[in-house]
Amino acid sequence: MIYKHRTLSKELLLYQFVNTRATLSQSDSQYHWTLEKGYEGEQLFDLLLQQLQGEFIILNDLLFAFNNTFFQIDSLLLAPEKIHLFDVKNFENDYIIDNDNNWYSILQNDRRKESKNPIHQLNRCETLLKQQLQKLGFKSPITSKLVFINPNFYLYQAPPNYPIVFPTQLNRFINQLNSQLTTAKLKDRDFKLAQQLLQNHKEDSPFKNSPDYSYDGLKKGIYCKSCRSFDVFTNPKTIVCSKCGFREKIETAVLRNVDEFTLMFPDIKVTTTAISEWCGIIKSEITIRKVLNKNYKTIGKHRGTYYVDK
Ligand SMILES: [Zn+2]
């Protein structure tokens, strides 16, 4: 049973939006790629977890603040009286651990580039989760694993006792989990724990990165939801992509653009004029006003009217 599904983070959405409407700087583009890659890896892991049977609760993308320290969890699996903590990595290529436990990625010509030791991050996460559980009054044992999901990943000199699941071990790992899960049942206490964790989950991380962008530097208009092309035309009720043929109701498209606008410019008021300019393609402000009136709460009158969530 999944209690909390994975969704695109606001941070990744922001990078995707800016990337569609402008050209990201090289460092922003690199960071965007890392986020996409991470998300892709997490989704692949979610697919694997779909093979699980028996009684369990999955909580994805959790963010907690404990004693002013934030920590994030990719996947938490609550099994009967046991908690599995997963940190999913979508690393590719070859890595090596040296005698001092430093991690390096191996580049061409056998050059090495130091990389963060992901086990430190996993341990930190486990310690903080333990403290969080104690505070909530729970004592379930935690098993933490670093999951390398990408079949192109290889790690040289990894000791066998490391808390790692390698790509070639994933199927066996899921089978092992299955045999544990099908022999025991969840208790009320496990459900209570899931609820408490969700109540303590924070929606917004204060440590998000943001790409460089400005209103003037962004291409305006509605782009195709499917292929992100701006080459779209409007029918009376739909927007059609000339490139891939994808159709979207005008109302849905406008609402999607309002969401995008408010994420990118949280300080600018949502007005008919602002959204008409942002959407570009719909010439008549009447259409925009209708959609806004129907879906948002109106504040103010006449020229000063703006919209907020209902
Ligand atoms: Zn398209």
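For the structure, see preceding data.
Note that the coordinates shown come from a computational prediction; the quantities given were computed from them, not determined experimentally. (Residues numbered from 1 in each chain as written. Predicted model: local features only at pLDDT ≥ 70, side-chain atom pairs only at ≥ 80, totals over all residues. Heavy atoms only, no water.)

Can you break down the pattern of salt bridges residue by residue, with the values?
Summed over all chains, the structure comprises 12 salt bridges. The partner of Glu55 in a salt bridge is Lys185, and the shortest N-O contact between them spans 3.7 Å. In this pair, Glu55 sits in the loop between helix H2 (26–49) and strand S2 (57–66) while Lys185 sits in the loop between helix H4 (170–181) and helix H5 (188–200), placing the two residues 130 residues apart along the sequence. The exposure class of Glu55 is partly exposed, given its relative accessible area of 28%. Judged by relative accessible area, Lys185 falls into the exposed class, the value being 61%. For Asp87, the salt bridge is made with Lys89, and the minimal N-O distance between the two is 3.9 Å. (Salt bridge = Lys/Arg side-chain N within 4 Å of Asp/Glu carboxyl O. Helix = DSSP H or I, 4+ residues; strand = E, 2+ residues; numbered from the N terminus. Buried < 20%, exposed > 50% of the residue type's maximum accessible area, 1.4 Å probe, protein only.)

Account for the pairing of strand S8 (residues 142–148), naming residues and giving values.
Among the seven residues that make up S8, five are buried, leaving the element largely enclosed by the rest of the structure. Bridging between strand S4 (residues 82–89) and S8 involves seven bridges; their strand directions are parallel. Within S8, the residue paired with Asp87 across the bridge is Leu146. As judged from the two bridges shared by S8 and strand S10 (residues 164–165), these two strands associate in the parallel manner. Of the residues in S10, the one forming a bridge with Val147 is Val165. (Pairing = 2+ DSSP bridges.)

Would you mind going over the coordination of the zinc ion in detail, with residue names and values included?
For the zinc ion, the protein coordination sphere consists of Cys224 (SG), Cys227 (SG), Cys241 (SG) and Cys244 (SG), at 2.3 to 2.4 Å. The coordination sphere of the zinc ion comprises four donor atoms, whose angles at the metal cover 106 to 116°; the geometry is tetrahedral. Exposure remark for Cys224: the relative accessible area of 3% places this residue in the buried category. (Donors = N, O, S within 2.8 Å, 3.2 Å for Na, K, Ca; no water. Tetrahedral: all angles 85-135°; square planar, octahedral: opposite > 155°, others 65-115°.)

Could you give me a rundown of the pairing of strand S14 (residues 296–299), with the residues and numbers involved?
Note: S14 against strand S15 (residues 306–309), four bridges, orientation antiparallel. Its bridge partner being in S15, Thr298 is matched across the sheet by Tyr307.

Which residues make up H4, and what values go with them?
The first and last C-alpha atoms of H4 sit 16 Å apart over 12 residues, in line with the 16 Å expected at 1.5 Å per residue. Among all positions in H4, only Leu170, Phe173, Ile174, Leu177, Asn178 and Leu181 are buried. Across the axial projection of H4, the buried residues extend over an arc of 140°, all falling on one side. Exposed residues on H4 whose side chains face more than 90 degrees from its buried face are Asn171, Arg172 and Asn175. Contacts from the buried residues of H4 go to H2, strand S3 (69–79), S4, S8 and S10. (Expected span 1.5 Å × (residues − 1). Arc of directions from axis to C-beta. Contact = heavy atoms within 4.5 Å.)

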